[in-house]
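Letter by letter, the chains look like this.
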Amino acid sequence: MTNYIVVTGGVLSSLGKGVTSASVAALLRNANHRVSMLKIDPYINVDPGTMSPLEHGEVFVTADGGETDLDLGHYERFIDATLSKRNNFTTGQIYQTVIEKERRGDYLGKTIQVVPHITDEIIRRIKAVGKEASTLVVELGGTVGDIEGLPFYEAIRQLKHRLKSKVFNIHVTLVPYLAVADELKTKPTQHSVQELRRIGLSPDMLVLRSEKPISKEMKKKLSEACDVDPDCVIEAIDAKSIYEMPLKFYDDGLLKPIAKTFDLGDLKPNLREWKRLVKNILEPSREVVVAFVGKYLELKESYKSLIEALTHAGAHMSARINLKWIDSEALESADALKALESADATLVPGGFGSRGIEGKIKAIKFARENGKVFLGICLGLQLAMVEFARNVLRIDGAASQEFDKNAKEPIIYLIDEFIDQNGDKQIRTRQSPMGGTMRLGEYECNLKSGSRLAKAYDGAEKIYERHRHRYEANDKYRTAFENAGMIVSGEAKGLIEAIELRDHPWFVAVQFHPEFTSRLQNPNRVILAFIENALRNK
Ligand code: GLN
């Protein structure tokens, strides 16, 4: 029988419910417990794939090709496990399934209602994921009281009614600090718990997000007012690094009541390696400056996995990664190359749409010509090839079809068909709707032996990394590229997956997104090699 820890949130969003959920799961995982995680998103979109990164932050891609909420990225990074698209679902998916069933006549003429049809489908999906673990941590997105969240709270109420002490609710709320009164305030938490009760749930534990330590008396007050055990009032004070949270929660005794409720005995997670890495993050022995040439700079959340992957690499190298954010549009206009010059390395991440691409090409040219350690990811690889075609091969009109539909020399192009993860042929047409036409998820990539990329992966011949893109490098130009000193260091099924430059200290670009497989305890190898080389070439 699976245990369920359901994490809900109150007062306002962005309180760190995702990190709280992932921390609880990480503690259980490091205590050798079989744990998995599920994120429920009450919004109507079927998946976040079509949302702008500026709206919702990054779209996290799972190995099986799901475009999921960025919290799934936290989960994988914290519990060092590979999750599936089934570990995230939305209101849109629930309704889609129920309506399909209704159209098929599965409900035998019944009136379809939120209770029981929608709630049953929610419970079915939670249990389907729960089957694979001994404890499933379920994070319910949004804030208690939101209209679209109601069916999910009702489903959890029913689940708790059926499974009793196999369901444990952690409610994350805010304890604001009022500077004028020099006081922490508990009222929002009390109201939030009342709201939760109104829909039939009472919390088993409170996690209180706060700027300042919460006194014993205040915890006692909240324990009484909110009807939770005194040892179930846990504080979450703003931390310098999110990776400190599991350690802080453990010290604050978060595991004990959970272990007691689920009858798990004395849980003693092994946190030695975790502690060492956190120490390296907080007190690194050196520093490296990385120029991050992006365009979604107003919302850094859109580069979440990449920023975290850099943090992981830094933790393993005991180096502070000082990111210099460079708006690619600024590079397009004036000669704003100063920042690139002073940085130790250049990073061009993935992206969509034509805004800022000329600036990125300029940054790539600078890195290539000046021997700056360089990593290009996805769009970064595509533009590195366009730059090389234009400025080294002198191919007039070299472009990507993404930005010039009728490009005379389509260095990057839209292929008509490709073989998907299941080995099935997929036909891509230009008329395809926006959602679901990309090469998505994990694909195998064969590495060229002796290449920098192969070295980064410890000499591996074959690796698996995740993709999210429509366009591909055009094989037609391959010989010309190779004759001029570009090495195709990764390929699969006739597709160019990675390139590097022969006569350069370290210039590597990959079509896949290495950041999606990086975990604190198991950093991604190309990103680690990028940082290693940046440190070496300072
Ligand atoms: N826009 C490019 C494509 O669709 C690159 C995508 C990316 O960088 N994720 O192929």
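Reading the values: the criteria
- Counting from 1, residues in each chain are numbered in the order their sequence is written.
- The predicted nature of this model means local features are confined to residues of pLDDT at least 70 and side-chain atom pairs, given and counted, to a pLDDT of 80 or more, with totals for whole chains, interfaces and linings taken over all residues.
- Working from all heavy atoms in the structure, the side-chain values ignore hydrogens and water.
- Under the DSSP-based scheme used, a helix requires at least four consecutive residues in state H or I and a strand at least two consecutive residues in state E, with every element numbered from the N terminus.
- The globule rule used here is 2.2 Å times the number of residues to the 0.38 power, and the radius of gyration it is set against is calculated over C-alpha atoms.
- Throughout this description, buried means an accessible area under 20% of the type-specific maximum (1.4 Å probe, protein chains only), exposed means over 50%, and partly exposed covers the range between.
- To estimate how far a helix should reach, multiply one less than its number of residues by 1.5 Å.
- The criterion for strand pairing is that DSSP finds at least two bridges linking the strands in question.
- Crossover handedness is defined here as right-handed if the route from the first strand over the helix to the second strand goes clockwise, with the strands pointing away from the viewer.
- Here a Phe, Tyr or Trp ring, Trp counted by its six-membered ring, pairs with any other such ring whose centre lies within 6.5 Å, and the pair is stacked when the planes are under 30 degrees apart, edge-to-face when over 60, and tilted otherwise.
- Charge over a ring is defined by NZ of Lys or CZ of Arg lying within 6 Å of the ring centre and within 35 degrees of the ring normal.
- Working convention: axes come from line fits to C-alpha atoms, limited for helices to the stretch in contact. Angles between N-to-C directions cover 0 to 180 degrees.
- Working rule for angles: under 35 degrees goes down as roughly parallel, over 145 as roughly antiparallel, 65 to 115 as roughly perpendicular, anything else as oblique.
- The criterion used for residue contact is that any of the two residues' heavy atoms lie within 4.5 Å.
- Charged means Asp, Glu, Lys or Arg here, nonpolar means Ala, Val, Leu, Ile, Met, Phe, Trp, Tyr, Cys or Pro, and polar covers whatever is left, Gly included.
- A side-chain nitrogen of Lys or Arg and a carboxyl oxygen of Asp or Glu constitute a salt bridge if their distance falls within 4 Å.
- Definition of nearness: a residue and a molecule or strand are near each other if at least one heavy atom of the residue lies within 4 Å of the molecule or strand.
- We call two N or O atoms a polar contact when they sit within 3.5 Å, provided that within protein one can donate a hydrogen and the other can accept it, with sequence-adjacent residues counted only if both atoms are side-chain atoms.
- Note that accessible areas follow from Shrake-Rupley with a 1.4 Å probe, and for residues the cover is restricted to the protein chains shown.
- Disulfides are defined as cysteine sulfur pairs within 2.5 Å.
- The sense of a crossing depends on the near helix, which, turned anticlockwise from the far helix by less than a right angle, makes the crossing left-handed and, turned clockwise, makes it right-handed.

J.: What exactly am I supposed to notice about the overall build of the protein here?
T.: Looking only at helices and strands, the protein features 19 helices and 25 strands. Relative to the globule expectation of 24 Å for 538 residues, the C-alpha radius of gyration of the protein, 25 Å, shows essentially globular dimensions. Counting only C-alpha atoms and orienting by the principal axes, one finds that the protein spans roughly 75 × 65 × 45 Å. Every one of the 538 residues in the protein was classed for burial, and the buried ones make up 59%.

J.: What is the right way to read helix α16 (residues 379-391) from this model?
T.: Quick reminder: α-helices carry 3.6 residues per turn. Residues three or four places apart thus point the same way. Along its 13 residues, α16 runs 18 Å from first to last C-alpha, staying within 8% of the 18 Å computed at 1.5 Å per residue. Taking burial as the measure, the 13 residues of α16 include 11 buried ones, the bulk of the element. Every buried residue of α16 is accounted for by L379, G380, L381, Q382, L383, A384, M385, V386, E387, F388 and A389.

J.: Just to check I follow, could you spell out the pairing of strand β11 (residues 233-237) for this structure?
T.: On a regular strand, one side chain projects to one face of the sheet and the next to the other, so that they alternate. Burial of β11 is extensive: five of the five residues sit out of reach of the surface. In β11, alternate side chains face the same way, and those of V233, E235 and I237 on one face and I234 and A236 on the other are all buried. Bridge analysis of strand β10 (residues 205-210) against β11 gives five bridges, and the strand direction is parallel. Following the sheet pairing, V207 is matched in β11 by I234. Each parallel crossover has a hand, and the one from β10 via helix α8 (residues 216-226) to β11 is right-handed.

J.: Looking at this model, I keep getting lost on the packing of aromatic side chains. Mind explaining?
T.: Think of a pair of aromatic rings as described by two things: how far the centres are apart, and how the planes are tilted against each other in angle. The final tally for this structure, using the stated rule, is 11 aromatic pairs. An aromatic cluster is present here, built from F78, Y243 and W274 joined pairwise through their rings. Over the ring of F89 we find R125; its NZ or CZ atom is 5.7 Å from the centre of that ring.

J.: Any chance you could explain the packing of helix α11 (residues 272-282) against helix α12 (residues 304-317) here in plain terms?
T.: Helix-helix packing is characterised by the crossing angle of the two axes and by the distance between the axes. Where α11 meets α12, the axes come as close as 8 Å, and the angle between the chain directions of the two elements is 100°. As judged from the angle between their axes, α11 and α12 are roughly perpendicular. From α11, E273, R276, L277, N280 and I281 reach across to α12, where they touch T311, A315 and H316. When grouped by side-chain class, the residues that make up the contact of α11 with α12 number three nonpolar, three polar and two charged.

J.: Help me out: how do you make sense of the environment of E55 in this one?
T.: If you trace the backbone, E55 turns up in helix α2 (residues 53-56). Sequence spacing of E55 and E301 is 246 residues, and the spatial spacing of their C-alpha atoms is 9.7 Å.

J.: Hey, could you run me through helix α3 (residues 71-79) in this one?
T.: With nine of its nine residues buried, α3 lies for the most part within the structure. Within the sequence span of α3, burial applies to D71, L72, G73, H74, Y75, E76, R77, F78 and I79. Looking one or two residues beyond α3, the residue adopting positive phi is D80, at roughly 50°.

J.: Whenever I open this one, the pattern of salt bridges confuses me. Can you help?
T.: Pairing between side chains becomes possible if they bear opposite charge and their charged atoms approach one another. Applying the stated rule across the entire model yields 40 salt bridges. One salt bridge in this structure joins K101 and E121, with 3.5 Å as the shortest N-O distance. Of this pair, K101 sits in helix α4 (residues 91-104) while E121 sits in helix α5 (residues 114-130), placing them 20 residues apart in sequence. Between K220 and E224 there is a salt bridge, with the nearest N and O atoms lying 3.8 Å from each other. Residue K220 and its partner E224 are located together in helix α8, separated by four residues, close to a single helical turn.

J.: Explain the sheet that holds strand β16 (residues 398-400) here, please?
T.: Sheet strands line up and pair through hydrogen bonds in the backbone, either parallel or antiparallel. Strand order in the open sheet formed by three strands is β16-β17-β22, with mixed pairing between adjacent strands. Either end of the sheet is taken by a strand with one partner, and the two such strands are β16 and β22 (472-473). The sheet contact formed by strand β17 (residues 409-413) and β22 spans two bridges and is antiparallel. Across the sheet, I412 pairs through a bridge with A473, a residue of β22. Docked against the sheet, α16 engages β16, β17 and β22, running at close to 160° with respect to β17.

J.: I tried to follow the site of the ligand on my own but got confused; where do I start?
T.: The full set of residues close to the ligand is G350, G351, F352, C378, L379, Q382, E402, R468, H469, R470, Y471 and H513. The separation between an oxygen atom of the ligand and a polar main-chain atom of L379 is 3.0 Å. H513 places a polar side-chain atom, nitrogen or oxygen, 3.1 Å from a nitrogen atom of the ligand. Within the complex, 99% of the 300 Å² of free accessible area of the ligand lies under protein. Broken down by secondary-structure element, the contributors of at least two residues to the shell around the ligand are α16 and β21 (462-469). Across the shell around the ligand, the residue classes break down as four nonpolar, five polar and three charged.

J.: Sorry if this is basic, but what is going on with the state of the cysteines here?
T.: When the sulfur atoms of two cysteines share a covalent bond, that bond is a disulfide. Using the criterion set out here, one finds zero disulfides in the structure. With no disulfide of its own, C226 has C232 as its nearest cysteine by sulfur position, at a separation of 12 Å. C445 takes part in no disulfide bond, and the closest cysteine sulfur to it belongs to C378, at a distance of 13 Å. Judged by its relative accessible area of 1%, C445 falls in the buried class.

J.: Explanation requested: the packing of α4 against α5 in the structure shown.
T.: Between α4 and α5, whose axes approach to 10 Å, the crossing angle comes to 115°. Read as a crossing pair, α4 and α5 show a hand that is right-handed. Counted together, Q93, I94, Y95, T97, V98 and K101 of α4 and V114, H117, I118, E121, I122, R124 and R125 of α5 form the full contact between these two elements. For the contact of α4 with α5, the class distribution of residues is six nonpolar, three polar and four charged.

J.: What exactly am I supposed to notice about the sheet that holds strand β6 (residues 135-140) here?
T.: The strand order β5-β2-β6-β1-β7-β10-β11 describes an open sheet built from seven strands, whose pairing is parallel. Among the strands making up the open sheet, the edge pair consists of β5 (88-90) and β11. Adjacent strand axes in the sheet meet at a mean angle of 20° when their direction is disregarded.

J.: Teacher, can you tell me more about unusual backbone geometry here?
T.: Most of the time, phi is negative for any residue but glycine, and the peptide bond is trans. The linkage connecting V115 with the following residue, P116, adopts the cis geometry, with an omega of 15°. Assignment of secondary structure puts P116 in helix α5. A positive phi angle, near 50°, is found at L108, a position not held by glycine. Judged by its relative accessible area of 77%, L108 falls in the exposed class. Even without a glycine there, the phi angle at D227 is positive, about 60°. On the basis of relative accessible area, D227 is assigned to the exposed category, the value being 59%.

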